[in-house]
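Examining the three-dimensional arrangement
Okay, here's what each chain looks like letter by letter:
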Amino acid sequence: MDNRSPPQNSVKRPIAAGASARLSAMTTTPKLVLSSPADILAAVPYLVGFHPADSLVVIGFAGAALQLSTRWDLPPEPGDLDRLAPLFVREGVTMAVLVGYGPEPVVDSAVLEAGRLLEEAGVRVTEALRAEDGRYWSYACPTIVCCPDEGLPYDPVSSPVAAEAVVHGLVALPDRGSLRRTVEPSAGGAMREASRRVAADLRARLARPPGQVSDAVAAEFVAGGLARVRAAIDLYGSGGRLDDRAAARLGFDLAIIRVRDEAWALLDDRDAHLALWKDLTRRLDPLHVAPAASLLAAAAWRSGDCALAGMAVERALEADGAYSMAHLLREALVHMLSPGSLLDRMPTPEDLDAEMGPPRGCWLGPLVTWLSGEPSARAG
């Protein structure tokens, strides 16, 4: 993977726009009125999850409602922004707001190019801003009176809009690096020891020649894994947390594709999924984190947090560069697909049973590989 993030599109924050735009949290009815460029700049970090830098943020509205927002690294690669207009047309966007963060030469070209592409596609750009070092400039401002050469000051931290967003439970981390750190390894000695003990127990249970794991043993492992997945989701839904041994055991369960797919099929709008898979992404052995990180990516993408989804995909591919679920999600993010494009085709647990049939011994192959410490033959 290169060090540039894929463009991130988000649909997690309902915003209405008219003479003034309004921001609300998903689970609350109060609205925050955005009546000025400074208000827009205060709201953007809560759309993308962190205070952006060297970025182009494009917010799209369908009528009076927020449809999606996107963030792009600046400067964009040649042709990168060509994907913007087709995305907005596909999602029914009718008007947009552009915000560029960074020095004038870099931001100007990106904002002007994005504006041109959107206008040509029939999307009306109602505001375009550049922000740098606590000051902003409006491309839509007609006179020096409303937009002087030195720009106008704004403070996204102390703004009433930011204060209201925090009250309603919205979060904006200081920068993208801070978001990245929320998925980095954090396991201590106790977790590593628990993982070693669980691995030793599993090796003892599977101590037999390769290829001779019986279907009955596989059925036992799969049934236990499915039960542990469901119990863990319920636990995190109630505010609980797996202890080290249980977390390690569930991490090994996820090596079995049928168990991982159960967790994938069970994803819904509950915060429990994000909490569970983020916790395991941080605590599991980095060599074995690909399934949990991929599930975190899927949960984040579903919730509209594509920045977090992209970082989770990176963690998964760092652990296993061939992990197919992570590649599937990365392609969805790179091509800026709506989560609904995949959700509509997701199987239910019952569908998985019908499609995959009863457990077979070969299903435990990836787990056996993990336990043997071999770097190849991983599945996903």
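These lines cover the structure that appears in this document, whether it is placed above or below. (Residues numbered from 1 in each chain as written. Predicted model: local features only at pLDDT ≥ 70, side-chain atom pairs only at ≥ 80, totals over all residues. Heavy atoms only, no water.)

Side note on the pattern of salt bridges
For the structure on display, the rule yields 25 salt bridges. A salt bridge links R258 to E262; the nearest nitrogen and oxygen atoms lie 2.8 Å apart. Of this pair, R258 and E262 are both found in helix 9 (residues 257-265), four residues apart, which corresponds to roughly one turn of the helix. For the pair shown, R258 and E262 are each scored as buried. E318 is the salt-bridge partner of R315, the closest N and O atoms lying 3.9 Å from each other. In this pair, R315 and E318 are both assigned in helix 12 (residues 306-319), three residues apart and thus about one turn of the helix distant. Each of R180, E184, E314, R315 and E318 takes part in one network of salt bridges that share partners. (Salt bridge = Lys/Arg side-chain N within 4 Å of Asp/Glu carboxyl O. Helix = DSSP H or I, 4+ residues; strand = E, 2+ residues; numbered from the N terminus. Buried < 20%, exposed > 50% of the residue type's maximum accessible area, 1.4 Å probe, protein only.)

Some words on the pairing of strand 7 (residues 95-101)
On a regular strand, one side chain projects to one face of the sheet and the next to the other, so that they alternate. With respect to burial, strand 7 is a largely interior element, seven of its seven residues being buried. Side-chain alternation along strand 7 places M95, V97, V99 and Y101 on one buried face and A96, L98 and G100 on a second face that is also buried. Examined bridge by bridge, strand 5 (residues 55-62) and strand 7 share seven bridges and lie antiparallel to one another. Its bridge partner lying in strand 7, I59 is registered against V97. Sheet topology places strand 7 next to strand 8 (residues 124-132); seven bridges connect them, and they run parallel. Across the sheet, the residue bridging to A96 is V125, located in strand 8. Note on the crossover from strand 7 through helix 3 (residues 104-120) to strand 8: the handedness is right-handed. (Pairing = 2+ DSSP bridges. Right-handed = clockwise from strand over helix to strand, strands pointing away.)

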